[in-house]
Amino acid sequence: MAAAYGQVPPSTTTQMDANGEEKMKTKVDYFNLPCPIPYEEIQREAFMSLKPELFEGLRFDFTKGLNQKFALSHSVAMGPTELPSQSSETIKIPTAHYEFGANFIDPRLMLVGRVLTDGRLNARLKCDLTDKLTLKGNAQLTSEPDMSHGMATFDYKGSDYRAQFQVGNGALFGASYIQSVTPHLSLGGEVFWTGQHRKSGVGVASRYNTDKMVATAQVASTGIVALSFVQKVSEKVSLATDFIYNYLSKEVTSSVGYDYILRQCRLRGKIDSNGCTSAFLEERLNMGLNFILSAEVDHRKKDYKFGFGLTVGE
């Protein structure tokens, strides 16, 4: 009928997929690209899989919600602490501390505070000033000289880019920018200046992600070259690897690990080129009750760390 009226139907481009079926090839709309994740979090999938919060000794965490927005937390930790030593032998001393915390969580405001028995005070802030501009802050106050620090970050979220500006004590200034160039590829860069130490640096990074994998690369003038790759094998299993090279000190470290999520538990583990093997297990025993196991063996230093804990409350 279209030919009878002198009209030609629009041509379509098709291609064959792996199953031999035809599928439509859609064009990329470069004016409607997704917003990338912040520059400082481009390796978050690899970080979550390869660097869990390992600990040694006993840990007990209790969180009690007073209402929908406010909650109190109590934490007790007992275990050895490593002391810096010039010899190859690891020196540990027994330590214990109690931590009291308060959390206020609102859709546009988050306040987190922690006070430890050794005199340290930690605080974190996240506030949505507008729909696109967010203020983040963290600080630590301690009685030790020159050990207190604070930093504020302004995060602006555009349609297909993100920009951050950081300012901290010690005349620390930093800025980063990351831009989506395709639906799966984003490129970015950063600069920083520390007035207290009279040092500056620049860095560039790239991130390529799909539904099944995430690959990242970072290079900085401080001498660090970092590569990471995460492959999602299934809905429950992910494999991850990273490679870190310091071209100033000529040091190289690489690791490979796994992240296995079951219905009631999550198991993560890794092994690196320094001969260190670790595993971290989180098992949900009941509603609001989690059991944690942490283990790390350093074959080169002939040292091991083992810890277990309980988390009560959500």
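All residue numbers refer to positions counted from 1 along the written sequence of the respective chain. Predicted model: local features are reported for residues with pLDDT of at least 70 only, side-chain atom pairs are reported and counted for 80 or more only, and whole-chain, interface and lining totals are derived from all residues. Where side-chain values are given, they derive from all heavy atoms of the structure, hydrogens and water being excluded.

Quick look at the overall build of the protein
Piece 1. Each helix is a run of DSSP H or I of at least 4 residues and each strand a run of E of at least 2, with the numbering of both proceeding from the N terminus. Summing up its helical and strand segments, the protein has one helix and 21 strands in all.
Piece 2. Principal-axis analysis of the C-alpha atoms gives the protein an extent of 90 × 55 × 45 Å.
Piece 3. The classification of residues rests on relative accessible area computed with a 1.4 Å probe and restricted to protein chains. Under 20% of the type maximum is buried, over 50% is exposed, and intermediate values are partly exposed. For the protein, with 314 residues in total, the buried portion stands at 27%.
Piece 4. The method behind every accessible area is Shrake-Rupley, applied with a 1.4 Å probe, and residues are considered shielded solely by the protein chains displayed. For the protein, the computed accessible surface area is about 20500 Å², with 60% contributed by carbon and sulfur atoms.
Piece 5. Taken together, the 34 basic and 34 acidic charged side chains of the protein have centroids lying 2 Å from each other. Asp and Glu count as negative and Lys and Arg as positive, but His and the ends of the chain are not part of the count. Where a charge lies is defined by one atom per residue type: Lys uses NZ, Arg uses CZ, Asp uses CG and Glu uses CD.

A look at the pairing of strand 9 (residues 149-157)
Piece 1. Examined bridge by bridge, strand 8 (residues 133-141) and strand 9 share eight bridges and lie antiparallel to one another. Opposite leucine 135, over in strand 9, you have phenylalanine 154 as the bridge partner.
Piece 2. Only when DSSP finds a minimum of two bridges between them are two strands counted as paired. Direction of pairing for strand 9 relative to strand 10 (residues 161-168): antiparallel, over a ladder of seven bridges. By the bridge assignment for strand 10, aspartate 155 is matched with glutamine 164.
Piece 3. Hairpin connection, strand 9 to strand 10: the antiparallel pair is bridged by three residues.

Quick word on the side chain of aspartate 303
Piece 1. As for its placement among the helices and strands, aspartate 303 is situated in strand 21 (residues 303-312).
Piece 2. It only takes one pair of heavy atoms within 4.5 Å for two residues to be counted as in contact. Residue contacts for aspartate 303: discarding those within four places in its chain leaves Glu82, Thr90, Lys92, Glu296, Val297 and Asp298.

Looking at the packing of aromatic side chains
Piece 1. Centres within 6.5 Å make a pair out of two Phe, Tyr or Trp rings, where for Trp the six-membered ring is used; the pair is then stacked when the planes are under 30 degrees apart, edge-to-face when over 60, and tilted otherwise. Within the structure shown, the criterion is met by two aromatic pairs.
Piece 2. Here the aromatic rings of tyrosine 156 and tyrosine 161 are separated by 6.2 Å at their centres, their planes lie at 35°, and the arrangement is tilted.
Piece 3. An aromatic cluster of at least three residues, connected via ring pairs, comprises Tyr156, Tyr161 and Tyr177.
Piece 4. The ring centre of phenylalanine 55 lies 4.5 Å from the NZ or CZ of arginine 59, which sits over that ring. Whether a charge lies above a ring is judged from NZ of Lys or CZ of Arg, which has to be within 6 Å of the ring centre and within 35 degrees of the ring normal.

What to know about the environment of threonine 277
Piece 1. Relative to the helices and strands, threonine 277 resides in strand 19 (residues 276-286).
Piece 2. Classification of threonine 277 by relative accessible area gives partly exposed; the value is 30%.
Piece 3. Along the primary structure threonine 277 and serine 255 are separated by 22 residues, whereas in three dimensions their C-alpha atoms are 9.5 Å apart.
Piece 4. Setting aside residues up to four positions removed in sequence, threonine 277 forms contacts with Lys270, Ile271, Ala295, Glu296, Val297 and His299.

With respect to the state of the cysteines
Piece 1. Disulfide: a pair of cysteine sulfur atoms within 2.5 Å of each other. Here the structure, examined in full by the defined rule, presents zero disulfides.
Piece 2. Note on cysteine 127: no disulfide assigned, nearest cysteine sulfur contributed by cysteine 35 at a separation of 19 Å.
Piece 3. Of the residues examined, cysteine 127 reaches a relative accessible area of 21% and is grouped as partly exposed.

Structural notes on the pairing of strand 21
Piece 1. Note: strand 3 (residues 57-65) against strand 21, six bridges, orientation parallel. Its bridge partner lying in strand 21, leucine 58 is registered against phenylalanine 308.
Piece 2. Bridge count for strand 20 (residues 289-298) against strand 21 is 10 bridges, and the pairing is antiparallel. Among the inter-strand pairings, serine 294 is bridged to a residue of strand 21, identified as glycine 307.
Piece 3. The hairpin formed by strand 20 and strand 21 contains four residues between the paired strands, and lysine 302 there has a positive phi angle of roughly 55°.

Brief notes about the pattern of salt bridges
Piece 1. The salt bridge criterion pairs a side-chain nitrogen of Lys or Arg with a carboxyl oxygen of Asp or Glu, the two atoms within 4 Å. Counted under the stated rule, the structure contains 17 salt bridges.
Piece 2. Glutamate 82 is the salt-bridge partner of lysine 305, the closest N and O atoms lying 3.2 Å from each other. Residue lysine 305 is located in strand 21, and its partner glutamate 82 is located in strand 4 (residues 70-83); the two are separated by 223 residues in the primary sequence.
Piece 3. Here glutamate 82 falls in the partly exposed class, since its relative accessible area comes to 37%.
Piece 4. As a salt-bridge pair, arginine 268 and glutamate 282 come within 2.8 Å of each other at their nearest N and O atoms. One end of the pair, arginine 268, is in strand 18 (residues 265-272); the other, glutamate 282, is in strand 19, and 14 residues separate them in sequence.
Piece 5. Given a relative accessible area of 29%, glutamate 282 falls into the partly exposed group.
Piece 6. In the salt-bridge network here, residues are joined through shared partners; they are Glu41, Arg44, Glu45 and Arg207.

Some details on the side chain of glutamate 56
Piece 1. Looking at where glutamate 56 falls in the secondary structure, it is placed in the loop between helix 1 (44-50) and strand 3.
Piece 2. At 3.1 Å, the side chain of glutamate 56 forms a polar contact with the side chain of lysine 92.
Piece 3. Excluding its chain neighbours within four sequence positions, the residues that come into contact with glutamate 56 are Met78, Gly79, Pro80, Lys92, Tyr304, Lys305, Phe306 and Gly307. Two N or O atoms count as a polar contact when they lie within 3.5 Å, although within protein this holds only if one can serve as hydrogen donor and the other as acceptor, and sequence-adjacent residues are included solely when both atoms are side-chain atoms.

Some details on the confidence of the model for the protein
Piece 1. Summary of the metric used: pLDDT quantifies the predictor's per-residue confidence within the range 0 to 100. Residue-level pLDDT values for the protein average 89, and 90% of them are 70 or greater.
Piece 2. In this model residues 1-14 is a low-confidence stretch, pLDDT under 50, and it forms eight contacts with partners more than four residues away in sequence or in other chains.

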